[in-house]
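Summary of the model geometry
What follows is each chain in one-letter form.
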Amino acid sequence: MARRVRPGRSGAALMIALGTLAAACAAPGSNSPQPQATGASPMSAAPACGSAPITMNGYFETGFPLPKALTAEFTKQHPNVTWNIREDQFAVITQNAPRVLADNPPDLMRLPQVSELVKDNLLKNLDSYAAAFGWDKWPASQLEQLRLGQGGRPRGEGSLYALGLNMSMTGLFYNTKLAAQIGMSTPPATLAELDQALEKAKKAGITPILQFNGGATGGLAFPLQNLMASYGPTAPINDWIFQKPGATIDTPSNLQAVQHLEKWIKAGYFQKDVNAVDYATMMSRFIDGQGLFMFNGDWESGNLDKQMAGDVGFSLMPPAQQGGKVAAMSAPLTFGIAANAKNADCAAFFLDWVATDKRAREIGVEIGGSRPVGPADAYMPDVSSDTVTASTLAAGADIAKDDGAMDFIANATGAIYAKSWTPNLQKLVAGQQTPEGLLKAVQSDYAGQLEGN
């Protein structure tokens, strides 16, 4: 969802607008159109970057170091390939995506929510690449969020239009030193235990939750969706995000989640200036030890292992009932290839290299802090058991066991995050919106945006 400007000390940045982008476009290596839903015929051989000099054009996200670290290693292994990389904040990429893809198509681009871009035929259909490289043999859950039907709807099925550099996941980071001050030696096992920890922190003069919610990025969507996972099943939430017919976000269990979030707001569990805090400020304050909990993603694991070595723990959001299933917002760090990219074959080769090369997978864990995508039996680097990265990787296995992965509610449409979730969550903090009104407003905006497609 997205994520983010940040100071240099805060490492990888926020990822909210994760999604998938699709378009009917040329088959790899050709200028002929591809079908939108059925894809193209398999290639006889997997494409590559060749041996002639190639300059790859990339459009990446500012402050998120993993993609550039991967491109640097790729050039080290393939010296004929150099990179010309443009970077912008994610909010700018979201705004610019249609124009950039149409007017100055990059070979590789960090993608915002993509359903509308599929409809406009701005991304290359990757079905032929999937057949050539064997991506279709990977665990289906890695690709599900990146598949779109004809015309960009629904998501979760149809042709493949993007690929993840890794599978990111969110949960609760906590400061272990501050936790010890309130007698918290293990993460809360239930929502009630989490509430108790928050109240103890407040009474001890510790900010219970550091979160961002300022500007165009409503970071309270993170705790809200985690609360949704505590109170209800994930399938209806994914149906809504994937634009399945008849899906709604305005459900009884989601209302309980918003009401619980409002209770946290009124209890003073967030910092008083939460509506003025951006992602970078949140990260800076957490690293400085100014709060107990932070709802964030595993893309910060490597950064926190460096900045707060030994002083950070990670936990999935606890269920409402003891022993209940766990769930989390989990989605690929999504990249795609422009429909008219000059070096599409090399871009696809790079995406496959990210998922299969030993050193690339090590970089994905060391810098990205997340589990790389790729074959189920692919190499996984060793991680020290006393790191937060180890905790987030283990949590990913728990999510897979409980089938608890959700995409981000910010990814339901291209505009839903900036124009509906963010302002309504900011109004909830200001006392200008009710839980009932928030869900009805978001659902109304969602329906209107779908009708406008």
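Right, let's walk through the structure included here. (Residues numbered from 1 in each chain as written. Predicted model: local features only at pLDDT ≥ 70, side-chain atom pairs only at ≥ 80, totals over all residues. Heavy atoms only, no water.)

Below, the discussion takes up the environment of Asp 120. Structurally, Asp 120 can be placed in the loop between α3 (115–119) and α4 (127–133). Among the residues examined, Asp 120 registers a relative accessible area of 42% and is labelled partly exposed. For the pair Asp 120 and Gly 323, spaced 203 residues apart in sequence, the C-alpha separation works out to 45 Å. (Helix = DSSP H or I, 4+ residues; strand = E, 2+ residues; numbered from the N terminus. Buried < 20%, exposed > 50% of the residue type's maximum accessible area, 1.4 Å probe, protein only.)

Another point: the pairing of strand β10 (residues 328–336). For β10, a buried count of nine out of nine residues is recorded, marking the element as mostly surrounded by other parts of the structure. When strand β3 (residues 108–110) meets β10, the two strands line up antiparallel, connected through two bridges. In the strand pairing of β10, Met 109 is matched with Gly 336. Direction of pairing for strand β6 (residues 163–175) relative to β10: antiparallel, over a ladder of five bridges. Paired with Met 167 across the bridge in β10 is Pro 332. Of the strand pairs in this sheet, β10 and strand β11 (residues 405–406) are connected by two bridges, and their pairing is parallel. (Pairing = 2+ DSSP bridges.)

Turning to the pattern of salt bridges, a few remarks are in order. Tallied over the full model, the rule gives 14 salt bridges. A salt bridge links Asp 311 to Lys 177, with the shortest nitrogen-to-oxygen separation between them at 3.7 Å. Pair noted here: Asp 311 is in the loop between α12 (301–307) and β9 (312–315) and Lys 177 is in helix α6 (residues 176–181), with a separation of 134 residues, a long-range link. A residue is classified by how much of its surface remains accessible, and Lys 177, at 54% relative accessible area, is exposed. As a salt-bridge pair, Glu 366 and Arg 359 come within 3.3 Å of each other at their nearest N and O atoms. Judged by relative accessible area, which is 43%, Glu 366 ranks as partly exposed. The partly exposed category is assigned to Arg 359, whose relative accessible area is 31%. A cluster of three or more residues bridged by salt bridges with shared partners is formed by Lys 358, Arg 359, Glu 362 and Glu 366. (Salt bridge = Lys/Arg side-chain N within 4 Å of Asp/Glu carboxyl O.)

Per the counting criterion, the structure on display carries one disulfide. Between the sulfur of Cys 49 and that of Cys 346 lies a disulfide, 2.0 Å long from S to S. For the disulfide bridge between Cys 49 and Cys 346, the dihedral angle about the S-S bond is near 90 degrees, and by the sign convention the bridge is right-handed. You can see Cys 49 sitting in the segment before β1 (54–61) and its partner Cys 346 sitting in helix α13 (residues 344–356), a full 297 residues away along the chain. Grouping residues by exposure puts Cys 49 and Cys 346 together as buried. (Disulfide = S-S within 2.5 Å.)

A rise of 1.5 Å per residue sets the reference length of helix α2 (residues 90–103), with its 14 residues, at 20 Å; its end C-alpha atoms lie 19 Å apart and thus fit the reference within 8%. Those residues of α2 not exposed but buried are Phe 90, Ile 93, Asn 96, Ala 97, Val 100 and Leu 101. Summarising the contacts, the buried residues of α2 are in contact with β1, β2 (81–88), β3 and α3. (Expected span 1.5 Å × (residues − 1). Contact = heavy atoms within 4.5 Å.)

In this structure the tally under the stated criterion is 19 aromatic pairs. For the pair Phe 74 and Trp 83, a centre-to-centre distance of 6.2 Å together with 75 degrees between the ring planes defines the contact as edge-to-face. The residues Phe 74 and Trp 83 share a single accessibility class, namely buried. The rings of Phe 74, Trp 83, Phe 349, Phe 350 and Trp 353 are connected pair by pair, giving a single aromatic cluster. Its guanidinium or amino end placed over the ring of Tyr 59, Arg 86 lies 4.5 Å from that ring's centre, counting from NZ or CZ. (Phe/Tyr/Trp six-rings, centres within 6.5 Å; stacked < 30°, edge-to-face > 60°. Lys NZ or Arg CZ within 6 Å of the ring centre and 35° of its normal.)

Let us look at the side chain of Asn 175. Mapped onto the elements of the fold, Asn 175 is located in strand β6. By relative accessible area, which is 6% here, Asn 175 ends up buried. Ignoring anything within four residues of it in the chain, the contact list for Asn 175 reads Phe 286, Gly 289, Gly 291, Leu 292, Met 308 and Asp 311.

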